[in-house]
Amino acid sequence: MNNILVIHTGGTISMKENKTTGDVSPDTKNPLHEWEEIAAEFANISVHSFLHLPSPHITPAHMMDLFRFIEQCMADKPADGVVISHGTDTLEETAYMLDLLHHDEYPIVITGAMRSSNEISPDGPHNFVSSIRTAASDNARGMGVLVVMNDEIHTAEHVTKTHSSNIATFQSPPYGPVGLITKRGILFPRKPVKRDHFPVSKLSKKVLLIKCYAGMEEDSFRHFISQRFDGLVLEALGQGNVPPALLMPLKEVLDRGIPIVLVSRSFSGIVQDTYSYEGGGRRLKEMGIIFSNGLTGPKARLKLLAALSVNLDKYKLQHTFEQLQ
Ligand code: ASP
């Protein structure tokens, strides 16, 4: 049997519903411990409680600490794979940050739950055991960081939470899951083509994420960019267009030597330099704005944070964001 390192960080998967008030909050004892015996049918597990936080409290610094903790555990006692339990609200961000840092063959699987442990039909125990099975599967080796929820396996790069409460919330638009979990096996019909890697030792930069909307005012935008920051991710409209009022302040940001990465606020698809009208993508590209390869805004923000932390120059930044994966 393979050896799996289990690390708990909190989230609904470790919470309980108060039957009188209906509110959900962290439980003193992690309810996942009750499922370790079943999980042990699939792997030898060693369990660590690293954090006990709701995931809106998680920061990039926690993500770095979590990665260091994994590395330290692996150095002390090597395992064949890692399973992390995490709140679902920022699960995709932790997954993606770990994917940017992780450069080894062993899989890291992240899971969570939409229903707390004592609600009707909790999804946490099933997701937890499915994650152990996935991390223990030899087929998962070399797949990077994977998200296991609801019998599906997603890459950290493409997965996103698409529904606020439905258990089928995690999807990978437009590509779909990379693998499936059945009663009999763990199936990977395809593999990620390429993964980014940034050997970050310290995250010291500040990257802003700003979403565009119809009629966005120049003064509101200027308010955001009046602070000190090192990079900007802009969630543009459609294929990558912005309201014209933003053009002048965007140019000023570029003139300050601050890179701007463009993503789309659309649910699916990539940005392209299609339109040449004022504020259109073609004009933005000519200004020197970097177009991303289909990442969501929060993930492009983490990637820019990681890329700036390893001091990628302008040319390499452009290359790493514009390559299609
Ligand atoms: N708000 C919770 C969290 O992210 C939601 C969840 O875990 O599903 O911690």
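Above this text is the structure in question.
Please read these numbers as outputs of a predicted model, since none were measured by experiment. (Residues numbered from 1 in each chain as written. Predicted model: local features only at pLDDT ≥ 70, side-chain atom pairs only at ≥ 80, totals over all residues. Heavy atoms only, no water.)

**Brief notes about the overall build of the chain**
- In terms of regular secondary structure, the chain is built from nine helices and 16 strands.
- The C-alpha atoms of the chain give 21 Å as radius of gyration, which agrees with the globular expectation for 325 residues (20 Å, within 12%).
- Once the C-alpha set of the chain is aligned to its principal axes, its extents read approximately 60 × 45 × 35 Å.
- When burial is assessed residue by residue, the chain has 50% of its 325 residues classed as buried. (Helix = DSSP H or I, 4+ residues; strand = E, 2+ residues; numbered from the N terminus. Rg over C-alpha atoms; globule rule 2.2 N^0.38 Å. Buried < 20%, exposed > 50% of the residue type's maximum accessible area, 1.4 Å probe, protein only.)

**Overview of the site of the ligand**
- Around the ligand lies a shell formed by Gly11, Thr12, Pro54, Ser55, Pro56, Gly87, Thr88, Asp89 and Ala113.
- With respect to the ligand, the side chain of aspartate 89 contributes an N or O atom lying 2.8 Å from a nitrogen atom.
- For the ligand, the accessible surface in isolation is 260 Å², of which the surrounding protein chains cover 86%.
- Classifying every residue of the shell around the ligand by side-chain character gives three nonpolar, five polar and one charged. (Near = heavy atom within 4 Å. Polar contact = N/O pair within 3.5 Å; in protein donor to acceptor, adjacent residues only side chain to side chain. Areas by Shrake-Rupley, 256 points an atom, 1.4 Å probe, with all protein chains shown as cover. Nonpolar A, V, L, I, M, F, W, Y, C, P; charged D, E, K, R; others polar.)

**With respect to the pairing of strand E1 (residues 3-8)**
- E1 sits mainly inside the fold: five of its six residues count as buried.
- Pairing between E1 and strand E4 (residues 44-49): six bridges, direction parallel. Note on E4: the bridge partner recorded for isoleucine 4 is isoleucine 45.
- Here five bridges tie E1 to strand E5 (residues 81-85), and the two strands are oriented parallel to one another. By the bridge assignment, isoleucine 7 is partnered in E5 with isoleucine 84. (Pairing = 2+ DSSP bridges.)

**Observations concerning the pattern of salt bridges**
- This structure, assessed with the given rule, holds 13 salt bridges.
- The residue aspartate 196 makes a salt bridge to lysine 194 at a minimum N-O spacing of 3.2 Å.
- Where salt bridges share partners, they join Lys194, Asp196 and Lys303 into one cluster. (Salt bridge = Lys/Arg side-chain N within 4 Å of Asp/Glu carboxyl O.)

**Side note on the packing of aromatic side chains**
- Summed over the entire model, instances satisfying the criterion amount to two aromatic pairs.
- Arranged with centres 4.7 Å apart and planes meeting at 25°, the rings of phenylalanine 50 and phenylalanine 69 form a pair that is stacked. Here phenylalanine 50, found in the loop between E4 and helix H2 (60-76), pairs with phenylalanine 69, found in helix H2; they are 19 residues apart in sequence, far enough to count as distant.
- Taking the relative accessible area as the measure of exposure, phenylalanine 50 reaches 24% and is therefore partly exposed.
- Looking at phenylalanine 69, the relative accessible area reads 17%, which means it is buried.
- Consider the rings of tyrosine 275 and tyrosine 277, whose centres lie 5.3 Å apart with planes at 35°: the pair is tilted.
- On the basis of relative accessible area, tyrosine 275 is assigned to the partly exposed category, the value being 36%.
- Classification of tyrosine 277 by relative accessible area gives partly exposed; the value is 43%.
- In this structure, lysine 285 packs its charged tip against the face of phenylalanine 291, placed 5.0 Å from the ring centre. (Phe/Tyr/Trp six-rings, centres within 6.5 Å; stacked < 30°, edge-to-face > 60°. Lys NZ or Arg CZ within 6 Å of the ring centre and 35° of its normal.)

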